[in-house]
Amino acid sequence: MRQLLRADRRPFVENIVALLGSMAALGIATLWVARAGGPDAVGSYALLRILPWLLAVVVSGGLAGSLAYFLSGPTRDDPQVRPTVVAMALAGAVAGSALWLIGTPLLQLVFFRHAAIGLVAAVAILVALRLFVITGKAAAQGSGDLRGSNLTIFLEELMFLPAFGLMQAVGIGGDSALVGALILADVATGAIAWRRLLRGGFLAGAGRPSLTMARQIYTFGTRGQLGTLMQLLNLRFNFILLGGLAGPAALGIYAVAAKYAEFLRLLPIAANWVLYPQFARSEAAHAKKTSRSLILRAGAITAVASIPLAVGAGFVVPLLFGQVFTGAVLPARILLIGLAAEGVGGVVTAFLFGRGRPGLNSLAAGAGVLVTLVLDLILIPRYGAVGAAVASSAAYLTTTATLVGWYWHTTRRIGRHAPTPVFEGLASVPPSPWRRILDVAVSLIVLAVLWPVLLVLLAAARISTNASAIYRQVRVGQGGVPFTMYKIRSMRPGQGGPEITGPGDRRVTRLGALMRLTSLDELPQLLNVLRGEMTLVGPRPETLALAVRYPSDMQRVFAYRPGLTGPVQVRLRDVVPSDVEDVEAFYISELLPHRTELDLAYLNDPSLIATISLIGETAKHVVSRGVTKLVARSRRRAGFVGELKERTT
């Protein structure tokens, strides 16, 4: 910890202490409720804590997750931000309470069958109070009052204890005592949190609420909220599938293992809580430098901390839960393997939120959910709790790896000078959001399926060309801005030649010819697609030397993001005659007008249907082209062999 936070480790330590205190208070409360009402009371207590919180978070659009960015980031001095936050919290409280009241009959039927309908309806008050508390906690975090936010974290669990004791003292029991205690606890906690905020000048100099600002905050929070909900779903899917496929005993074993392994998450949670507003306040270059210095240290600390936790599981788990839970030791150790890199994830998540990219965190969480579902269905039926632990551990590592990938994608250009566009005054037209979603989804799926093929081709290209397997070349991108495009090397290096590769080009290796025939040499460009430098369908990226030779009336095509494929790849591929002496001149004078016309016809209306249609046409064209050439080559070879036999005879 000391190495990780040399500058100021107090906020981290205070947050970890608050989290430990909160966990201790929750544990004591759970034991007390269990003694007072048995397992049914514990189940009701868990539902009354989770369901109102979940509804409040969803209705508010993840308001709590967005406050640190808007209170610490670029809008921190905007007088409309803070009153807008208060207005959104009030509106969310009213909407959440109303939705709970509307759904009360269904909630009673599904979750609270033994409670009176009036008591279930009273929980609507708890929905509003939950939003009151979590907004106050997040507002303190975003305002720089980390001590105040830590106090709220601790009090929101601690306050239940005296409130529940008061309910018991006045003779109120059962679910009524739980609801009453939770309401009293949130009233006290929220009052303390907001009193501290108001005394600290939270609304000093505030303007009027802004609908535009509310939309921005809601959109930001919703993008980040998806990740939170996916992580919650990840955990619940494991429990549901394990209980359904392996039975309640295996579920109990896994639940204990998960609770034990969760201790390793204290540092990542603290890192995210403390660093998020710091990264939002910092300049991009400073946030990048700070995050890079912390990522490896945070990862090292959680990795090292996982070792004593794994060793101690064999003693601590049976001691705390009894010998009957000895079977939870191995699952706990497996979970600790997946959580060992959580320190990295905590810093990266704080960076992504602090730099205004919460949606990337949600995408990483989605990757983890997908891994959990697939592996759970494969492993749980055979290995029970151990299989569930393997699935969760793989999901944790997948999420962390995806977060690191997004972090690299986000930071690679920070601090670098923006490249100068090739053409002055050229517009920059990005693809639509739906096309971008399609780009990311298809690229990830193809890379996930074909990565073994890619590795084999890279190794073969390295051997056949005796040079780097990846060929990098500067091409003209969206808005005429240069970027580096990737391909698998298919030509021998160090040999001069034209910018256009014509038929029978001697620079192309045999493997290169095969890869070009099947377009497999283009696979690395999926990385360009993920980085936002290319799209799946668009004009093919041009070299700088050829781009400057474009007539002025055709340069408009460079305003758009270049594509992995496009109408030209389907309709004008392999049209250069073999007897052309000056390939470049033929390309500029003869082919370029037709290429530009085809590209602009698509770009004038790049609908999702047209995009998907061109992807399908490309796949069909590549297959038919490969088959045709292979058949032609086979016939030529057969004809040559037959002629040779006749001459020999």
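Residues numbered from 1 in each chain as written. Predicted model: local features only at pLDDT ≥ 70, side-chain atom pairs only at ≥ 80, totals over all residues. Heavy atoms only, no water.

## Focus: the pairing of strand S2 (residues 482–488)
Here's step 1: Counting buried residues in S2 gives five out of seven residues, a clear majority hidden from the surface.
Here's step 2: Note: strand S1 (residues 470–476) against S2, seven bridges, orientation antiparallel. Paired with Ile470 across the two strands is Ile488, which belongs to S2. (Buried < 20%, exposed > 50% of the residue type's maximum accessible area, 1.4 Å probe, protein only. Helix = DSSP H or I, 4+ residues; strand = E, 2+ residues; numbered from the N terminus. Pairing = 2+ DSSP bridges.)

## Quick look at the pattern of salt bridges
Here's step 1: Under the counting rule described, the total for this entry stands at 12 salt bridges.
Here's step 2: Here Lys137 makes a salt bridge to Glu156, at a shortest N to O gap of 2.8 Å. Of this pair, Lys137 sits in helix H5 (residues 117–142) while Glu156 sits in helix H6 (residues 146–158); the two residues are 19 residues apart in sequence, bridging distant segments of the chain.
Here's step 3: A single network of salt bridges, built from pairs that share partners, joins Arg130, Lys137, Glu156 and Asp186. (Salt bridge = Lys/Arg side-chain N within 4 Å of Asp/Glu carboxyl O.)

## Details of the sheet that holds strand S4 (residues 542–543)
Here's step 1: Overall, antiparallel pairing links the three strands, which are arranged S2-S1-S4 in an open sheet. Each edge of the sheet is formed by a strand with only one pairing partner; in this case those strands are S2 and S4.
Here's step 2: By the bridge criterion, two bridges tie S1 to S4 in an arrangement that is antiparallel. Bridge assignment links Arg475 to a residue of S4, and that residue is Thr543.

## Brief notes about the packing of aromatic side chains
Here's step 1: Under the criterion given, the structure shown has 14 aromatic pairs.
Here's step 2: With 6.3 Å between their ring centres and 70 degrees between their planes, Phe220 and Phe353 make a pair best called edge-to-face. Note that Phe220 is positioned in helix H9 (residues 211–246) and Phe353 in helix H14 (residues 342–354), a separation of 133 residues in sequence.
Here's step 3: Residue classification places Phe220 among the buried residues on the basis of a relative accessible area of 4%.
Here's step 4: With centroids separated by 5.0 Å and ring planes inclined at 70 degrees, the aromatic side chains of Phe351 and Tyr407 adopt a geometry described as edge-to-face. Linking Phe351 in helix H14 with Tyr407 in helix H16 (residues 385–411), this pair joins segments that are 56 residues apart in sequence.
Here's step 5: Taking the relative accessible area as the measure of exposure, Tyr407 reaches 6% and is therefore buried.
Here's step 6: Here the aromatic cluster, defined as three or more aromatic residues joined through ring pairs, consists of Tyr69, Phe70, Phe220, Tyr276 and Phe353.
Here's step 7: Across the ring face of Tyr45, the terminal group of Arg49 is positioned such that the distance to the ring centre comes to 5.8 Å. (Phe/Tyr/Trp six-rings, centres within 6.5 Å; stacked < 30°, edge-to-face > 60°. Lys NZ or Arg CZ within 6 Å of the ring centre and 35° of its normal.)

## Observations concerning the packing of helix H11 (residues 266–281) against helix H12 (residues 284–321)
Here's step 1: Remark: H11 packs on H12, axes separated minimally by 12 Å, with the N-to-C direction vectors making an angle of 175 degrees. The orientation of H11 relative to H12 falls into the category roughly antiparallel. Along its contact with H11, which presents Leu267, Pro268, Leu275 and Phe279, the element H12 presents Ala287, Thr290, Ser291, Leu294, Ala298, Ile301 and Thr302.
Here's step 2: Partitioning the contact of H11 with H12 into residue classes produces eight nonpolar, three polar and no charged. (Axes fitted to C-alpha atoms, helices over the stretch in contact; angles between N-to-C directions. Parallel < 35°, antiparallel > 145°, perpendicular 65-115°, else oblique. Contact = heavy atoms within 4.5 Å. Nonpolar A, V, L, I, M, F, W, Y, C, P; charged D, E, K, R; others polar.)

## As for helix H3 (residues 81–102)
Here's step 1: Helix length check: H3 (22 residues) gives 31 Å between terminal C-alpha atoms against 32 Å at 1.5 Å per residue, within 8%.
Here's step 2: For H3, the set of buried residues is Val81, Pro83, Thr84, Val85, Met88, Ala89, Gly92, Ala93, Gly96, Ser97 and Trp100. (Expected span 1.5 Å × (residues − 1).)

It is worth stressing that arrangement in space is one thing and function is another; only the former is reported here.
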